[in-house]
Amino acid sequence: WENSYKLNLGTEIGLFDDFEFQADVFRERRTNILMDRIQLASMGLESGVRANIGEATSKGIDASIDYNKSFSNGWWIQARANFTYAVSKMSKLEEPDYSATPWLSHIGRSINQNYGLIAERLFIDEADVHNSPEQTFGTYGPGDIKYRDVNGDGKISDLDKVAIGNPTSPDIVYGFGFSAGYKAFDFSAFFQGLANESFWIDTYNTSPFLNTMGGGYAGNNQLLKAWATSYWSEENQNIYARWPRLTATYSQNNNQTSTWFMQDGTFLRLKSLELGFTVPPKVSERIKLSKCRFYVNGTNLLTFSKFKLWDPEMGGNGLGYPIQRVFNVGVLVEF
């Protein structure tokens, strides 16, 4: 059975009758995790061998602060911010002897760490291809991705894959917002964001001109505008173009997990914004209403991110249904 040892320390502090601060520090150690064992070909086993051999640790902090204040001149404000930082890593697992290639080891790395090749640039021409280490991932030529020979053996293979980017699950998640008002007017806003996360563009499903639908369906992928405006060609031998040379068939070399299509998933989003006006009680009573409020609001209004091809929250598959930007205008009436 898997065992889990947890420690959680929390505090809650109130200050000046206006601030309230909460924080939790946590740590967890898991042992006897059920994992696949290394199998030797000479054993002749048909099914995988599993055992309780893994260990992992996680730690972090979860904090929030609230502020509530009413002023004598008619102003009031409520604000809140929250922050979570959590990391996890594999502390023990069964893997081959990586003493000669320590960059391949997963021990001490994040559970959500991705491994791949370091992409240097695109091949310039045939001479560049012949004068570079051999790449063992299918056929390749000028305009294809050139990878780094990490172990220096003159050949690009799985032995050259290293930990690249941040974990695929964010280490940091946060949000902050406020509501404020003055007499009959009120205004609120909320932001959310994350950091220390990487994702990879789905190169297979965005490869132009390929039939990736399967299931007997016929059809070719469209050419995304991002690739159409920046790709390698004989006329434009840009060795740092976003997309390698266009091909009518699947390129195994260019579809390896690598730094070429790695993206920073960090973003900050203005999740919601609202402005309202409540009709003064004296006026609403004249028209037989207990409350009447007019408002205008919007969601997903702004996103701040280094990634510009599509919404970063969609990750590597920007072909799905996008997150919608919504605007509302309304009136709330109570009799």
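Residues numbered from 1 in each chain as written. Predicted model: local features only at pLDDT ≥ 70, side-chain atom pairs only at ≥ 80, totals over all residues. Heavy atoms only, no water.

> I would appreciate a short explanation of the pattern of salt bridges in the present structure.
Taken as a whole and assessed by the stated rule, the structure comprises 16 salt bridges. The salt bridge partner of Glu94 is Arg37, with a shortest N-O separation of 2.5 Å. Of this pair, Glu94 sits in the loop between strand 4 (75–92) and strand 5 (114–116) while Arg37 sits in the loop between strand 2 (19–36) and strand 3 (50–70), and the two are 57 residues apart along the sequence. Taking the relative accessible area as the measure of exposure, Glu94 reaches 27% and is therefore partly exposed. Here Arg37 falls in the partly exposed class, since its relative accessible area comes to 35%. For Asp144, the salt bridge is made with Arg245, and the minimal N-O distance between the two is 3.0 Å. (Salt bridge = Lys/Arg side-chain N within 4 Å of Asp/Glu carboxyl O. Helix = DSSP H or I, 4+ residues; strand = E, 2+ residues; numbered from the N terminus. Buried < 20%, exposed > 50% of the residue type's maximum accessible area, 1.4 Å probe, protein only.)

> Which parts of the structure should I look at to understand the sheet that holds strand 16 (residues 291–305)?
The strands making up a sheet associate through hydrogen bonds between their backbones, and the pairing can be parallel or antiparallel. The sheet built from nine strands is open, its strands ordered 1-2-3-4-11-12-15-16-17 with antiparallel pairing. The open sheet is flanked by strand 1 (3–15) and strand 17 (326–334), the only strands paired with a single partner. Between one strand axis and the next, the sheet turns through 10° on average, direction left out of account. Pairing of strand 16 with strand 17, which is carried by nine bridges, proceeds in the antiparallel orientation. Looking at the pairing, Tyr295 lines up with Gly330 of strand 17. (Pairing = 2+ DSSP bridges. Axes fitted to C-alpha atoms, helices over the stretch in contact; angles between N-to-C directions.)

> Sorry if this is basic, but what is going on with the side chain of Asn254 here?
Turning to its location among the elements, Asn254 is positioned in the loop between helix 3 (225–228) and strand 14 (262–264). Asn254 sits in the buried class, given a relative accessible area of 6%. Within the local environment of Asn254, its side chain forms a polar contact with the side chain of Asp144, the two groups lying 2.8 Å apart. Residues in contact with Asn254, not counting those within four places in the same chain, are Asp144, Ile145, Tyr147, Pro244 and Phe261. (Polar contact = N/O pair within 3.5 Å; in protein donor to acceptor, adjacent residues only side chain to side chain. Contact = heavy atoms within 4.5 Å.)

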